[in-house]
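Chain by chain, the residues:
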Amino acid sequence: MLLTLIAGLSDGVLLFLVASGLSLIFGVLGVLNFSHGGFFALGAFVTHTLTRGAQLEAWQFVAVALAGGLLVGALGLVVEATVFRRIYHLAPIDALLATYAVLLTIQGAITQVWGVEPLGQAMPAAFLQLIRIGTTEIPSYEAFVVA
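Residues numbered from 1 in each chain as written. Predicted model: local features only at pLDDT ≥ 70, side-chain atom pairs only at ≥ 80, totals over all residues. Heavy atoms only, no water.

On to helix H1 (residues 2–29). Between the first and last C-alpha of H1 there are 39 Å, a value that for 28 residues agrees with the 40 Å anticipated at 1.5 Å per step. Of the positions making up H1, those classed as buried are Ile6, Ser10 and Gly21. Buried residues in H1 make contact with helix H2 (36–51), strand S2 (136–139) and helix H6 (140–146). At the exit of H1 stands Gly30, carrying a positive phi of roughly 75°. (Helix = DSSP H or I, 4+ residues; strand = E, 2+ residues; numbered from the N terminus. Expected span 1.5 Å × (residues − 1). Buried < 20%, exposed > 50% of the residue type's maximum accessible area, 1.4 Å probe, protein only. Contact = heavy atoms within 4.5 Å.)

See the structure below:
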């Protein structure tokens, strides 16, 4: 039961990151940014490309994930300057359609560059270790994501 709880928390944390970003953008800028999840997915694909699916040490894995996030963040700045600044004054439905168009563009780019087949990433050995809590063993990666 504890393992299921930690696994659920791990998945929930990732969803929370996407949802909180969407909520933050809407709260601060007043724009319902449907492309937010697309940027999240693009970050994962860019990180995979940087690692080339290789087995990395835990610190390398984290560093490459941060680098992938920074690269996609830079792209986000470009999209903000070229698309979002033009829609801040528009009606909410128009802004929604514009951000949905950005999402479709990102999805199309992902499909063109990485294809439609799932990509695998070798887990760092440190994340394959188990953490024992009582009689339950929890993968350290799940604990890392929740932390």
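From this point, the narrative continues.
By size, the foremost hydrophobic cluster in this structure holds 13 residues, and its most contacted members are Phe39, Leu42, Ile87 and Ile106. For this core, the leading source of residues is helix H4 (residues 92–114), giving five residues. Once residues within four sequence positions are removed from consideration, Phe39 is found in contact with Val72, Leu75, Gly76, Val79, Val102 and Ile106. (Core = buried A, V, L, I, M, F, W, Y, C linked by side-chain atoms within 4.5 Å.)

Attention now goes to helix H3 (residues 58–87). The first and last C-alpha atoms of H3 sit 41 Å apart over 30 residues, in line with the 44 Å expected at 1.5 Å per residue. Of all bends in H3, the biggest is about 45°, found at Glu80. Inspection of H3 places Phe61, Val64, Gly68, Val72, Val79, Phe84 and Ile87 among the buried residues, and these make up the whole buried set. The inward-facing, buried residues of H3 contact H2, H4, helix H5 (125–128) and H6. (Bend = angle between axes of the 7 residues up to and from the residue.)

A separate point is the environment of Gly73. Assignment of secondary structure puts Gly73 in helix H3. Considering only alpha carbons, one finds Gly73 and Gly43, 30 residues apart in sequence, at a separation of 8.6 Å.

Let's shift gears to the pairing of S2. Residue alternation in S2 divides its side chains into a buried set, Thr136 and Ile138, and an unburied set, Glu137 and Pro139. In this sheet, S2 lies alongside strand S1 (residues 130–133) in antiparallel orientation, the contact comprising four bridges. Residue pairing across strands places Ile133 opposite Thr136, the latter belonging to S2. Taken together, S1 and the strand that follows it, S2, pair antiparallel across an intervening segment of two residues, in which Gly134 is found at a positive phi of about 65°. (Pairing = 2+ DSSP bridges.)

Time to look at the pattern of salt bridges. In this structure the tally under the stated criterion is two salt bridges. In this structure, the salt-bridge partner of Glu80 is Arg85, at a minimum N-O distance of 3.0 Å. The partly exposed category is assigned to Glu80, whose relative accessible area is 22%. Assessed through its relative accessible area of 52%, Arg85 is described here as exposed. (Salt bridge = Lys/Arg side-chain N within 4 Å of Asp/Glu carboxyl O.)

Within the secondary structure layout, Thr4 lies in helix H1. The spatial distance from the C-alpha of Thr4 to the C-alpha of Ile138 is 9.3 Å, given a sequence separation of 134 residues.

Here we take up the side chain of His48. Topologically, His48 is positioned in helix H2. Residue contacts for His48: discarding those within four places in its chain leaves Gly53, Leu119, Gly120 and Gln121.

Turning to the packing of aromatic side chains, a few remarks are in order. This structure, assessed with the given rule, holds three aromatic pairs. Pairing Phe34 with Tyr100 gives two aromatic rings, centres 6.5 Å apart and planes at 70°, and the pair type is edge-to-face. Of this pair, Phe34 sits in the loop between H1 and H2 while Tyr100 sits in helix H4; the two residues are 66 residues apart in sequence, bridging distant segments of the chain. Ring geometry for Phe61 against Phe127: centres 5.8 Å apart, planes inclined by 80°, an arrangement best described as edge-to-face. Here Phe61, found in helix H3, pairs with Phe127, found in helix H5; they are 66 residues apart in sequence, far enough to count as distant. (Phe/Tyr/Trp six-rings, centres within 6.5 Å; stacked < 30°, edge-to-face > 60°.)

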